[in-house]
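# Report on the structure
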Amino acid sequence: MTLQIYSTLSKDIRPFTPIEPGKVGMYVCGVTVYDYTHIGHGRTFVAFDVVRRWLEASGYAVTFVRNVTDVDDKIIKRAAERGISTKELTDEFTAAMQQDMLSLGCLAPTYEPRATEFIPQMLNLVEKLEQKGLAYAADNGDVDYAVRKFAGYGKLSGRQPDEMRAGARIEVAQAKRDPLDFVLWKAAKPGEPAWDSKWGKGRPGWHIECSAMSCHYLGKTFDIHGGGPDLIFPHHENEIAQSEGANDAPFANVWMHSGPLRVKREDGTEEKMSKSLGNFWTIRDALKETNGAYGEGNGSEVLRFFLLRSHYRSPISFANSLIDDSHKALQRLYTALKNAPKDENSEAIDWTNPWAAKFKAAMDEDFNTPEAIGVLQQMAAEINRTGDAQTASLLKKLGAVLNVLQLDAEVFLKGAVTGLDEAAIDAKVAERTAAKKARDFARADAIRNELAALGIVIEDGPAGSTWRRQ
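Okay, so let's go over this structure.

Criteria and thresholds
- Residues numbered from 1 in each chain as written.
- Predicted model: local features only at pLDDT ≥ 70, side-chain atom pairs only at ≥ 80, totals over all residues.
- Heavy atoms only, no water.
- Pairing = 2+ DSSP bridges.
- Helix = DSSP H or I, 4+ residues; strand = E, 2+ residues; numbered from the N terminus.
- Axes fitted to C-alpha atoms, helices over the stretch in contact; angles between N-to-C directions.
- Core = buried A, V, L, I, M, F, W, Y, C linked by side-chain atoms within 4.5 Å.
- Buried < 20%, exposed > 50% of the residue type's maximum accessible area, 1.4 Å probe, protein only.
- Contact = heavy atoms within 4.5 Å.
- Arc of directions from axis to C-beta.
- Polar contact = N/O pair within 3.5 Å; in protein donor to acceptor, adjacent residues only side chain to side chain.
- 1 Å grid on protein atoms, 1.4 Å probe; cavity = no way out; pocket = protein on both sides within 12 Å on 5 of 7 lines; lining within 4 Å.
- Points joined across faces, edges and corners; volume = space filled by probe spheres on them.
- Nonpolar A, V, L, I, M, F, W, Y, C, P; charged D, E, K, R; others polar.

### Considering the sheet that holds strand β10 (residues 252-257)
Taken in spatial order, the four strands line up as β4-β3-β9-β10 in an open sheet, and their pairing is parallel. Lying at the two open borders of the sheet, with one neighbouring strand each, are β4 (61-66) and β10. Going from strand to strand, the sheet's axes swing by 20° on average, the running direction of each strand aside. When strand β3 (residues 23-28) meets strand β9 (residues 222-227), the two strands line up parallel, connected through three bridges. The residue of β9 that forms the bridge with V28 is G226.

Listed below in C-alpha coordinates is the structure:
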(Lines give C-alpha, C1' and ligand atoms only; values in the text may rest on other atoms or scores of the structure.)
Protein backbone atom coordinates (compact mmCIF):
# COMPACT_ATOMS: atom_id res chain seq x y z
CA MET A 1 0.00 0.00 0.00
CA THR A 2 1.27 3.45 -0.89
CA LEU A 3 1.00 6.46 1.37
CA GLN A 4 -2.32 8.28 1.06
CA ILE A 5 -2.96 11.78 2.43
CA TYR A 6 -6.12 13.83 2.87
CA SER A 7 -5.75 17.31 1.38
CA THR A 8 -7.86 20.22 2.59
CA LEU A 9 -7.61 21.61 -0.94
CA SER A 10 -8.97 18.60 -2.83
CA LYS A 11 -11.26 17.58 0.06
CA ASP A 12 -10.37 13.91 -0.39
CA ILE A 13 -7.66 11.34 0.32
CA ARG A 14 -5.28 10.52 -2.53
CA PRO A 15 -2.04 8.60 -3.10
CA PHE A 16 0.94 10.82 -2.34
CA THR A 17 3.38 11.43 -5.18
CA PRO A 18 6.20 13.90 -4.47
CA ILE A 19 7.32 16.39 -7.08
CA GLU A 20 10.84 14.97 -7.01
CA PRO A 21 11.12 11.21 -6.45
CA GLY A 22 12.55 10.36 -3.05
CA LYS A 23 12.32 13.91 -1.73
CA VAL A 24 9.62 15.88 0.09
CA GLY A 25 9.44 19.63 0.64
CA MET A 26 7.23 20.47 3.62
CA TYR A 27 6.31 23.84 5.14
CA VAL A 28 4.42 24.21 8.43
CA CYS A 29 3.35 27.60 9.77
CA GLY A 30 5.03 28.34 13.09
CA VAL A 31 4.04 30.60 15.96
CA THR A 32 4.00 34.32 16.63
CA VAL A 33 6.58 34.58 19.38
CA TYR A 34 5.13 37.02 21.92
CA ASP A 35 4.26 34.48 24.64
CA TYR A 36 4.80 30.85 25.64
CA THR A 37 3.42 28.16 23.37
CA HIS A 38 0.25 26.40 24.53
CA ILE A 39 -0.95 22.83 24.25
CA GLY A 40 -2.88 23.68 21.06
CA HIS A 41 0.45 24.48 19.41
CA GLY A 42 1.75 21.20 20.77
CA ARG A 43 -1.16 19.34 19.16
CA THR A 44 -0.30 20.77 15.74
CA PHE A 45 3.48 20.42 15.90
CA VAL A 46 3.47 16.89 17.31
CA ALA A 47 1.12 15.90 14.47
CA PHE A 48 3.43 17.27 11.80
CA ASP A 49 6.50 15.90 13.56
CA VAL A 50 4.95 12.43 13.12
CA VAL A 51 4.14 13.20 9.47
CA ARG A 52 7.78 14.07 8.94
CA ARG A 53 9.03 11.02 10.84
CA TRP A 54 6.80 8.66 8.84
CA LEU A 55 7.91 10.20 5.54
CA GLU A 56 11.52 9.66 6.59
CA ALA A 57 10.77 6.11 7.79
CA SER A 58 9.24 5.54 4.34
CA GLY A 59 12.54 6.45 2.70
CA TYR A 60 12.00 10.10 1.78
CA ALA A 61 14.56 12.83 2.33
CA VAL A 62 12.45 15.57 3.95
CA THR A 63 13.18 19.28 3.93
CA PHE A 64 11.05 20.58 6.81
CA VAL A 65 10.57 24.34 7.13
CA ARG A 66 8.79 25.96 10.08
CA ASN A 67 8.78 29.75 10.26
CA VAL A 68 8.91 32.14 13.20
CA THR A 69 6.74 35.26 13.06
CA ASP A 70 8.85 37.86 14.84
CA VAL A 71 7.15 41.08 13.73
CA ASP A 72 3.47 41.57 14.51
CA ASP A 73 1.06 43.89 16.33
CA LYS A 74 0.97 41.61 19.40
CA ILE A 75 4.76 41.48 19.54
CA ILE A 76 5.05 45.26 19.34
CA LYS A 77 2.44 45.71 22.08
CA ARG A 78 3.96 43.13 24.43
CA ALA A 79 7.49 44.50 23.99
CA ALA A 80 6.24 48.02 24.79
CA GLU A 81 4.44 46.73 27.90
CA ARG A 82 7.64 45.11 29.13
CA GLY A 83 9.86 48.02 28.17
CA ILE A 84 12.17 45.93 25.96
CA SER A 85 12.88 45.81 22.23
CA THR A 86 10.88 43.56 19.94
CA LYS A 87 14.07 41.61 19.21
CA GLU A 88 14.68 40.96 22.90
CA LEU A 89 11.10 39.74 23.27
CA THR A 90 11.14 37.52 20.19
CA ASP A 91 14.57 36.08 21.01
CA GLU A 92 13.27 35.09 24.45
CA PHE A 93 10.09 33.42 23.24
CA THR A 94 11.68 31.84 20.17
CA ALA A 95 14.14 30.04 22.46
CA ALA A 96 11.27 29.03 24.76
CA MET A 97 9.22 27.72 21.82
CA GLN A 98 12.15 25.68 20.52
CA GLN A 99 12.68 24.15 23.95
CA ASP A 100 8.96 23.36 24.29
CA MET A 101 8.94 21.56 20.94
CA LEU A 102 12.02 19.52 21.89
CA SER A 103 10.37 18.70 25.22
CA LEU A 104 7.44 17.19 23.31
CA GLY A 105 9.82 15.04 21.30
CA CYS A 106 9.69 17.05 18.06
CA LEU A 107 12.65 17.10 15.71
CA ALA A 108 14.16 20.51 14.99
CA PRO A 109 13.19 21.87 11.55
CA THR A 110 15.62 21.68 8.66
CA TYR A 111 15.18 25.45 8.40
CA GLU A 112 13.52 27.82 10.87
CA PRO A 113 13.49 31.26 9.22
CA ARG A 114 12.40 34.42 10.98
CA ALA A 115 10.18 36.88 9.17
CA THR A 116 12.52 39.82 9.80
CA GLU A 117 15.30 37.98 7.94
CA PHE A 118 13.26 37.91 4.70
CA ILE A 119 12.06 41.48 4.23
CA PRO A 120 13.76 41.89 0.79
CA GLN A 121 12.10 38.71 -0.51
CA MET A 122 8.72 39.91 0.74
CA LEU A 123 9.14 43.29 -0.90
CA ASN A 124 10.05 41.63 -4.21
CA LEU A 125 6.88 39.55 -3.98
CA VAL A 126 4.72 42.59 -3.22
CA GLU A 127 6.22 44.48 -6.13
CA LYS A 128 5.54 41.56 -8.48
CA LEU A 129 1.91 41.48 -7.35
CA GLU A 130 1.59 45.22 -7.92
CA GLN A 131 3.02 44.88 -11.43
CA LYS A 132 0.42 42.19 -12.21
CA GLY A 133 -2.42 44.38 -10.98
CA LEU A 134 -3.12 42.19 -7.96
CA ALA A 135 -1.90 44.74 -5.42
CA TYR A 136 -2.30 48.49 -5.05
CA ALA A 137 -0.92 51.29 -2.92
CA ALA A 138 -3.70 52.57 -0.66
CA ASP A 139 -4.14 56.19 0.37
CA ASN A 140 -2.96 55.47 3.93
CA GLY A 141 0.46 54.21 2.78
CA ASP A 142 -0.35 50.51 2.99
CA VAL A 143 -0.08 48.14 0.04
CA ASP A 144 -3.15 45.88 -0.21
CA TYR A 145 -3.98 42.73 -2.15
CA ALA A 146 -7.02 43.00 -4.46
CA VAL A 147 -8.82 39.80 -3.54
CA ARG A 148 -11.49 39.86 -6.26
CA LYS A 149 -8.83 40.03 -8.96
CA PHE A 150 -7.57 36.55 -8.07
CA ALA A 151 -9.96 34.08 -9.69
CA GLY A 152 -9.17 31.19 -7.37
CA TYR A 153 -9.77 32.98 -4.10
CA GLY A 154 -11.71 30.76 -1.69
CA LYS A 155 -10.73 27.39 -3.15
CA LEU A 156 -9.04 26.17 0.04
CA SER A 157 -11.67 27.25 2.57
CA GLY A 158 -14.60 26.70 0.23
CA ARG A 159 -15.84 30.24 0.81
CA GLN A 160 -16.91 32.56 -1.96
CA PRO A 161 -15.76 36.20 -1.80
CA ASP A 162 -19.30 37.54 -1.69
CA GLU A 163 -20.03 35.37 1.37
CA MET A 164 -16.89 36.27 3.25
CA ARG A 165 -16.16 38.72 5.98
CA ALA A 166 -12.72 40.02 6.78
CA GLY A 167 -10.87 37.66 9.09
CA ALA A 168 -10.09 38.47 12.69
CA ARG A 169 -6.55 39.57 11.88
CA ILE A 170 -7.48 41.68 8.82
CA GLU A 171 -7.85 45.37 9.50
CA VAL A 172 -10.85 46.75 7.63
CA ALA A 173 -9.43 50.13 6.79
CA GLN A 174 -11.26 52.85 4.88
CA ALA A 175 -8.34 53.06 2.46
CA LYS A 176 -9.08 49.56 1.14
CA ARG A 177 -11.00 49.33 -2.11
CA ASP A 178 -12.82 46.24 -0.83
CA PRO A 179 -13.27 45.05 2.79
CA LEU A 180 -11.92 41.63 1.76
CA ASP A 181 -8.60 43.06 0.59
CA PHE A 182 -5.74 42.35 2.95
CA VAL A 183 -2.52 44.12 3.82
CA LEU A 184 0.73 43.08 2.19
CA TRP A 185 2.82 45.99 3.49
CA LYS A 186 1.88 48.22 6.43
CA ALA A 187 2.90 51.85 6.53
CA ALA A 188 5.15 52.64 9.49
CA LYS A 189 3.74 54.08 12.71
CA PRO A 190 5.87 56.07 15.16
CA GLY A 191 7.99 53.85 17.41
CA GLU A 192 7.32 50.63 15.51
CA PRO A 193 9.93 48.50 13.70
CA ALA A 194 10.14 49.60 10.07
CA TRP A 195 12.07 48.91 6.88
CA ASP A 196 12.60 50.99 3.75
CA SER A 197 10.56 50.24 0.63
CA LYS A 198 9.51 51.95 -2.60
CA TRP A 199 6.21 52.75 -0.84
CA GLY A 200 7.95 54.30 2.14
CA LYS A 201 8.93 52.90 5.54
CA GLY A 202 6.80 50.05 6.80
CA ARG A 203 6.65 46.40 7.82
CA PRO A 204 5.16 43.26 6.26
CA GLY A 205 1.62 42.07 6.74
CA TRP A 206 1.14 38.72 8.44
CA HIS A 207 0.44 36.58 5.35
CA ILE A 208 3.23 37.65 3.00
CA GLU A 209 6.05 36.19 5.10
CA CYS A 210 5.06 32.55 4.53
CA SER A 211 4.75 33.02 0.76
CA ALA A 212 8.25 34.50 0.62
CA MET A 213 9.96 32.02 2.94
CA SER A 214 8.38 28.86 1.56
CA CYS A 215 9.30 29.87 -1.98
CA HIS A 216 12.87 30.64 -0.90
CA TYR A 217 13.48 27.22 0.61
CA LEU A 218 11.13 24.94 -1.34
CA GLY A 219 10.45 26.63 -4.69
CA LYS A 220 7.33 28.06 -6.29
CA THR A 221 5.52 24.71 -5.96
CA PHE A 222 6.24 22.24 -3.18
CA ASP A 223 4.76 19.05 -1.78
CA ILE A 224 3.06 19.68 1.57
CA HIS A 225 1.88 22.77 3.43
CA GLY A 226 0.57 22.31 6.98
CA GLY A 227 -0.78 24.18 9.96
CA GLY A 228 -3.53 24.44 12.54
CA PRO A 229 -7.23 24.55 11.59
CA ASP A 230 -7.55 28.25 12.41
CA LEU A 231 -5.11 29.08 9.60
CA ILE A 232 -7.24 27.78 6.72
CA PHE A 233 -8.94 31.16 6.47
CA PRO A 234 -7.71 33.78 6.09
CA HIS A 235 -4.00 32.97 6.41
CA HIS A 236 -3.60 30.01 4.08
CA GLU A 237 -6.21 31.28 1.65
CA ASN A 238 -4.23 34.50 1.40
CA GLU A 239 -0.93 32.64 1.00
CA ILE A 240 -2.38 30.88 -2.04
CA ALA A 241 -3.61 34.15 -3.54
CA GLN A 242 -0.22 35.82 -3.05
CA SER A 243 1.96 32.93 -4.18
CA GLU A 244 -0.06 31.74 -7.16
CA GLY A 245 -0.87 35.29 -8.20
CA ALA A 246 2.81 36.22 -8.25
CA ASN A 247 4.31 33.01 -9.63
CA ASP A 248 1.59 31.70 -11.99
CA ALA A 249 2.14 28.22 -10.56
CA PRO A 250 0.37 25.99 -8.03
CA PHE A 251 1.55 26.77 -4.50
CA ALA A 252 1.41 23.52 -2.50
CA ASN A 253 0.20 20.20 -3.88
CA VAL A 254 -1.14 18.90 -0.56
CA TRP A 255 -2.65 21.02 2.23
CA MET A 256 -2.78 19.38 5.66
CA HIS A 257 -4.48 20.77 8.76
CA SER A 258 -4.61 19.38 12.27
CA GLY A 259 -7.94 19.19 14.08
CA PRO A 260 -9.00 21.62 16.81
CA LEU A 261 -8.14 21.14 20.48
CA ARG A 262 -10.81 21.87 23.07
CA VAL A 263 -10.73 21.74 26.84
CA LYS A 264 -13.08 19.25 28.49
CA ARG A 265 -14.63 20.51 31.73
CA GLU A 266 -15.46 18.31 34.71
CA ASP A 267 -19.16 18.40 33.77
CA GLY A 268 -18.31 16.94 30.36
CA THR A 269 -18.84 20.09 28.29
CA GLU A 270 -16.11 21.31 25.99
CA GLU A 271 -14.90 24.81 25.27
CA LYS A 272 -12.18 26.60 23.37
CA MET A 273 -8.91 27.07 25.24
CA SER A 274 -8.79 30.69 26.35
CA LYS A 275 -7.03 32.76 28.99
CA SER A 276 -10.29 34.59 29.72
CA LEU A 277 -11.98 31.26 30.59
CA GLY A 278 -9.18 30.25 32.92
CA ASN A 279 -8.51 27.01 31.00
CA PHE A 280 -5.37 28.08 29.16
CA TRP A 281 -2.49 25.62 29.43
CA THR A 282 0.97 26.47 28.20
CA ILE A 283 3.11 23.50 27.24
CA ARG A 284 5.30 24.37 30.22
CA ASP A 285 2.34 24.25 32.59
CA ALA A 286 1.28 20.89 31.17
CA LEU A 287 4.80 19.44 31.42
CA LYS A 288 5.18 20.65 34.98
CA GLU A 289 1.94 18.94 35.98
CA THR A 290 2.55 15.70 34.09
CA ASN A 291 6.13 15.40 35.29
CA GLY A 292 4.89 15.92 38.82
CA ALA A 293 2.19 13.29 38.39
CA TYR A 294 4.05 10.64 36.42
CA GLY A 295 7.72 11.20 37.13
CA GLU A 296 10.31 13.75 36.07
CA GLY A 297 11.08 13.14 32.40
CA ASN A 298 8.01 10.94 31.90
CA GLY A 299 5.48 13.77 31.55
CA SER A 300 6.57 14.79 28.05
CA GLU A 301 6.09 11.27 26.69
CA VAL A 302 2.68 10.98 28.37
CA LEU A 303 1.62 14.27 26.73
CA ARG A 304 2.95 13.21 23.34
CA PHE A 305 1.22 9.83 23.58
CA PHE A 306 -2.02 11.56 24.58
CA LEU A 307 -1.84 13.74 21.47
CA LEU A 308 -1.09 10.76 19.20
CA ARG A 309 -4.06 8.72 20.41
CA SER A 310 -6.31 10.98 18.31
CA HIS A 311 -6.07 11.16 14.52
CA TYR A 312 -4.31 14.38 13.54
CA ARG A 313 -7.39 15.67 11.66
CA SER A 314 -9.85 14.85 14.45
CA PRO A 315 -10.95 17.21 17.22
CA ILE A 316 -9.18 16.42 20.47
CA SER A 317 -10.40 16.98 24.03
CA PHE A 318 -7.88 18.06 26.64
CA ALA A 319 -8.61 16.89 30.19
CA ASN A 320 -6.63 15.52 33.13
CA SER A 321 -8.64 12.30 33.09
CA LEU A 322 -7.79 11.67 29.44
CA ILE A 323 -4.09 12.33 30.06
CA ASP A 324 -4.18 9.93 32.99
CA ASP A 325 -5.78 7.31 30.76
CA SER A 326 -2.93 7.81 28.27
CA HIS A 327 -0.42 7.28 31.08
CA LYS A 328 -2.08 3.99 32.00
CA ALA A 329 -2.01 2.86 28.36
CA LEU A 330 1.70 3.71 28.19
CA GLN A 331 2.29 1.78 31.42
CA ARG A 332 0.85 -1.34 29.82
CA LEU A 333 3.21 -1.00 26.86
CA TYR A 334 6.24 -0.39 29.07
CA THR A 335 5.25 -3.31 31.31
CA ALA A 336 5.40 -5.63 28.30
CA LEU A 337 8.87 -4.31 27.43
CA LYS A 338 10.05 -4.62 31.04
CA ASN A 339 8.93 -8.21 31.45
CA ALA A 340 10.18 -9.51 28.09
CA PRO A 341 13.70 -10.94 27.66
CA LYS A 342 16.09 -8.39 26.20
CA ASP A 343 16.88 -8.57 22.48
CA GLU A 344 19.52 -6.06 21.45
CA ASN A 345 18.76 -6.51 17.74
CA SER A 346 19.74 -3.24 16.04
CA GLU A 347 18.67 -4.20 12.53
CA ALA A 348 16.28 -1.98 10.60
CA ILE A 349 12.57 -2.76 10.76
CA ASP A 350 11.51 -5.58 8.45
CA TRP A 351 8.29 -4.17 7.03
CA THR A 352 7.24 -7.61 5.77
CA ASN A 353 6.87 -8.74 9.38
CA PRO A 354 3.09 -9.10 10.00
CA TRP A 355 3.13 -6.71 12.97
CA ALA A 356 5.22 -4.13 11.10
CA ALA A 357 3.03 -4.49 8.02
CA LYS A 358 -0.11 -3.75 10.08
CA PHE A 359 1.58 -0.71 11.61
CA LYS A 360 2.67 0.49 8.17
CA ALA A 361 -0.82 0.05 6.72
CA ALA A 362 -2.22 2.27 9.48
CA MET A 363 0.36 5.00 8.97
CA ASP A 364 0.02 4.88 5.18
CA GLU A 365 -3.69 5.60 5.57
CA ASP A 366 -3.31 9.34 6.21
CA PHE A 367 -1.00 8.90 9.24
CA ASN A 368 -3.55 7.00 11.33
CA THR A 369 -1.71 7.05 14.67
CA PRO A 370 -4.65 5.70 16.76
CA GLU A 371 -4.73 2.57 14.62
CA ALA A 372 -0.93 2.30 14.70
CA ILE A 373 -0.99 2.55 18.50
CA GLY A 374 -3.64 -0.17 18.49
CA VAL A 375 -1.11 -2.41 16.74
CA LEU A 376 1.44 -1.64 19.48
CA GLN A 377 -1.12 -2.58 22.11
CA GLN A 378 -1.84 -5.88 20.35
CA MET A 379 1.89 -6.58 20.28
CA ALA A 380 2.14 -5.88 24.01
CA ALA A 381 -0.61 -8.40 24.68
CA GLU A 382 1.26 -10.96 22.58
CA ILE A 383 4.50 -10.26 24.46
CA ASN A 384 2.74 -10.69 27.80
CA ARG A 385 1.38 -14.04 26.59
CA THR A 386 4.53 -15.45 24.99
CA GLY A 387 7.43 -13.43 26.39
CA ASP A 388 8.85 -13.24 22.87
CA ALA A 389 12.01 -11.11 22.82
CA GLN A 390 11.89 -10.41 19.07
CA THR A 391 8.37 -9.03 19.26
CA ALA A 392 9.43 -6.83 22.19
CA SER A 393 12.37 -5.54 20.14
CA LEU A 394 10.05 -4.74 17.23
CA LEU A 395 7.59 -3.05 19.58
CA LYS A 396 10.30 -0.66 20.71
CA LYS A 397 11.43 0.01 17.13
CA LEU A 398 7.91 0.77 15.94
CA GLY A 399 7.45 3.00 18.98
CA ALA A 400 10.56 4.89 17.90
CA VAL A 401 8.85 5.81 14.62
CA LEU A 402 6.35 7.80 16.74
CA ASN A 403 9.11 8.75 19.20
CA VAL A 404 7.54 6.90 22.15
CA LEU A 405 8.63 3.84 24.20
CA GLN A 406 12.26 4.94 24.16
CA LEU A 407 12.65 5.51 27.91
CA ASP A 408 13.94 2.90 30.33
CA ALA A 409 10.89 0.76 31.09
CA GLU A 410 11.67 0.23 34.76
CA VAL A 411 12.33 3.92 35.36
CA PHE A 412 9.12 4.90 33.56
CA LEU A 413 7.05 2.43 35.54
CA LYS A 414 8.42 3.66 38.87
CA GLY A 415 7.22 7.12 37.90
CA ALA A 416 6.58 9.90 40.39
CA VAL A 417 6.60 9.10 44.06
CA THR A 418 4.72 11.08 46.69
CA GLY A 419 5.94 11.09 50.27
CA LEU A 420 8.93 8.76 49.80
CA ASP A 421 11.99 9.00 47.58
CA GLU A 422 13.24 6.01 45.58
CA ALA A 423 15.79 5.00 48.20
CA ALA A 424 13.09 4.93 50.86
CA ILE A 425 10.81 2.82 48.68
CA ASP A 426 13.65 0.42 47.87
CA ALA A 427 14.24 0.09 51.60
CA LYS A 428 10.55 -0.66 52.19
CA VAL A 429 10.58 -3.31 49.46
CA ALA A 430 13.71 -4.87 50.97
CA GLU A 431 12.06 -4.85 54.41
CA ARG A 432 9.02 -6.61 52.97
CA THR A 433 11.23 -9.22 51.30
CA ALA A 434 12.97 -9.86 54.64
CA ALA A 435 9.60 -10.13 56.39
CA LYS A 436 8.43 -12.73 53.88
CA LYS A 437 11.61 -14.75 54.37
CA ALA A 438 10.99 -14.61 58.12
CA ARG A 439 7.41 -15.75 57.42
CA ASP A 440 6.12 -12.53 58.99
CA PHE A 441 3.36 -12.26 56.40
CA ALA A 442 1.36 -9.76 58.42
CA ARG A 443 4.28 -7.30 58.29
CA ALA A 444 4.84 -8.01 54.56
CA ASP A 445 1.17 -7.30 53.81
CA ALA A 446 1.27 -4.15 55.92
CA ILE A 447 4.22 -2.81 53.89
CA ARG A 448 2.47 -3.65 50.61
CA ASN A 449 -0.65 -1.80 51.79
CA GLU A 450 1.39 1.15 53.02
CA LEU A 451 3.05 1.55 49.64
CA ALA A 452 -0.22 0.96 47.78
CA ALA A 453 -1.71 3.92 49.67
CA LEU A 454 1.10 6.02 48.16
CA GLY A 455 0.36 4.74 44.66
CA ILE A 456 3.21 2.20 44.63
CA VAL A 457 2.58 -1.28 43.24
CA ILE A 458 4.92 -4.12 44.24
CA GLU A 459 5.43 -6.84 41.65
CA ASP A 460 6.89 -10.19 42.72
CA GLY A 461 8.84 -12.18 40.15
CA PRO A 462 11.50 -14.88 39.83
CA ALA A 463 14.25 -12.28 40.12
CA GLY A 464 12.73 -10.70 43.22
CA SER A 465 10.36 -7.84 43.97
CA THR A 466 10.22 -4.60 41.99
CA TRP A 467 7.93 -1.60 42.25
CA ARG A 468 6.20 0.86 39.99
CA ARG A 469 3.78 3.73 40.26
CA GLN A 470 0.11 2.82 39.95
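Following the structure, the description resumes.
### Considering the nonpolar core
Counting 82 residues, the largest nonpolar core has M26, L55 and F359 as its most contacted members. When residues in this core are grouped by element, the largest group, nine residues, is from helix α1 (residues 39-57). Not counting residues up to four positions away in its chain, the partners in contact with L55 are L3, F16, V24, M26, Y60, V62 and I224. Counting residues in each nonpolar core, the second largest holds 40 residues, with V147, F150, M213 and F251 among its members.

### Things to note about the sheet that holds strand β12 (residues 270-272)
Strands sit in the order β12-β11-β13 across an open sheet of three strands; the sheet is mixed. Two strands close off the open sheet at either side, each with one partner strand: β12 and β13 (316-318). Taking each pair of neighbouring strands and ignoring which way they run, the sheet shows an average axis angle of 45°. As judged from the three bridges shared by strand β11 (residues 261-264) and β12, these two strands associate in the antiparallel manner. When the bridges of β12 are listed, V263 appears paired with E271. Taken strand by strand, helix α8 (residues 299-308) contacts β11 and β13, and its axis lies near 145° from that of β13.

### Digging into unusual backbone geometry
A cis amide bond, omega 10°, links F233 with the succeeding residue P234. The residue F367 is not glycine, and still its phi comes out positive at about 55°. Relative to the helices and strands, F367 is located in the loop between α10 (354-364) and α11 (369-386).

### Notes on helix α2 (residues 73-82)
Every buried residue belonging to α2 is among I75, I76 and A79, and all of these are buried. The arc that holds every buried residue of α2, seen down its axis, measures 100°, which confines them to one face. Turned more than 90 degrees away from the buried face of α2, the exposed residues are K77 and E81. If you check the start of α2, you find a side-chain oxygen 2.7 Å away from the backbone N of K74, and it comes from D72.

### Regarding the layout of surface pockets
The volume enclosed by the largest pocket comes to roughly 1,300 Å³. Surrounding the largest pocket, 43 residues form its lining, H38, H41, K74, D230 and K272 being those nearest its centre. Examining the composition of the lining of the largest pocket, we find that five residues originate from one element, α1, more than from any other. As a volume, the second largest pocket reaches approximately 320 Å³. In terms of lining residues, the second largest pocket is bounded by 16 residues, among which L337, K342, D343, E344 and K396 are the most central. Elements supplying a minimum of two residues to the lining of the second largest pocket: α9 (320-339), α12 (389-401) and α13 (409-414). When residues of the lining of the second largest pocket are assigned to their parent elements, the largest contribution, four residues, is made by α12. Along the lines of polarity and charge, the residues of the lining of the second largest pocket split into seven nonpolar, two polar and seven charged.

Purely geometric stuff here, so don't read any function into it on its own.
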